[in-house]
Amino acid sequence: TELFDRRLMLSIAAFHQYVKNYQDSYTVRINNNPVFIAQNTNVRTNGFDAQIGWQISGLSLSASAEYLDAVNKSLGGTFVRSPKWSLGGNARYAWQMFGARTSIFGNVLRKTSYFNLHPTQAARPFTITPAYTTLDVGAEVKPSERMTISVLCKNCTDQFIRIKPNRAGYGPTAANAY
């Protein structure tokens, strides 16, 4: 929905999905040999997504939030690689400078921890990827319609995530984020 002469945008969506016989596959190593594992499972997903954007003159601001509750019904656990919350924010300011369209921008993304696979060790295949935040910033100059000069710093905070299996050798564990 766009409001106030298209300066404010709102979008909200909710969803529910149930999939029978979802085929999930991954590779693990057993005695240093890759083994492909496939399984049919039932998956239930609930969630919502919300976005808001505001634009005035050369300034654009936006934010988004997504909640995802994905459950592997056959195994009774959280579905792999699906963080519960993902939050994002964007800002961009654009202006004319010496006849060229110039802008600076930044993006921040926050994801909560999520269940993951550790494919190199069959005895310890599951871990938890910790919550993390990334920051991207950049600038660009567009002297003509056919030419853009950009400088971009992706993951400027350079957050490194290390995954380690738990001490018992299997199941989820906390990982370290730097």
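Keep in mind that what you see is a predicted model, and the values were worked out from it rather than measured. (Residues numbered from 1 in each chain as written. Predicted model: local features only at pLDDT ≥ 70, side-chain atom pairs only at ≥ 80, totals over all residues. Heavy atoms only, no water.)

1. Looking at the overall build of the protein chain
Here comes step 1: Along the backbone of the protein chain there are 0 helices and 13 strands.
Here comes step 2: Helices (α) and strands (β) of the protein chain occur, in sequence order from the N terminus, as β-β-β-β-β-β-β-β-β-β-β-β-β.
Here comes step 3: Looking at the protein chain as a whole, 28% of its 178 residues qualify as buried.
Here comes step 4: Total accessible area computed for the protein chain in this model is approximately 11,700 Å², and 56% of it derives from carbon and sulfur atoms. (Helix = DSSP H or I, 4+ residues; strand = E, 2+ residues; numbered from the N terminus. Buried < 20%, exposed > 50% of the residue type's maximum accessible area, 1.4 Å probe, protein only. Areas by Shrake-Rupley, 256 points an atom, 1.4 Å probe, with all protein chains shown as cover.)

2. Considering the side chain of Asp 136
Here comes step 1: In this structure, Asp 136 sits in strand S10 (residues 132-144).
Here comes step 2: One polar contact links the side chain of Asp 136 to the main-chain amide nitrogen of Asn 155, over a distance of 2.8 Å.
Here comes step 3: Non-local contacts of Asp 136, meaning those with residues more than four positions away in its chain, are made with Phe 105, Gly 106, Asn 107, Cys 153, Lys 154, Asn 155 and Cys 156. (Polar contact = N/O pair within 3.5 Å; in protein donor to acceptor, adjacent residues only side chain to side chain. Contact = heavy atoms within 4.5 Å.)

3. Remarks on the packing of aromatic side chains
Here comes step 1: Applying the stated criterion across every chain, the model contains 4 aromatic pairs.
Here comes step 2: Here the aromatic residues Phe 48, Tyr 67 and Trp 85 are joined through ring pairs into a cluster of three or more. (Phe/Tyr/Trp six-rings, centres within 6.5 Å; stacked < 30°, edge-to-face > 60°.)

4. Let's talk about the pairing of strand S6 (residues 85-97)
Here comes step 1: Bridging between strand S4 (residues 59-72) and S6 involves 9 bridges; their strand directions are antiparallel. Counterpart to Leu 59 in the pairing with S6 is Tyr 93.
Here comes step 2: Pairing of S6 with strand S7 (residues 100-111) involves 12 bridges; the strand directions are antiparallel. When the sheet's bridge partners are listed, Ser 86 is paired in S7 with Lys 111. (Pairing = 2+ DSSP bridges.)

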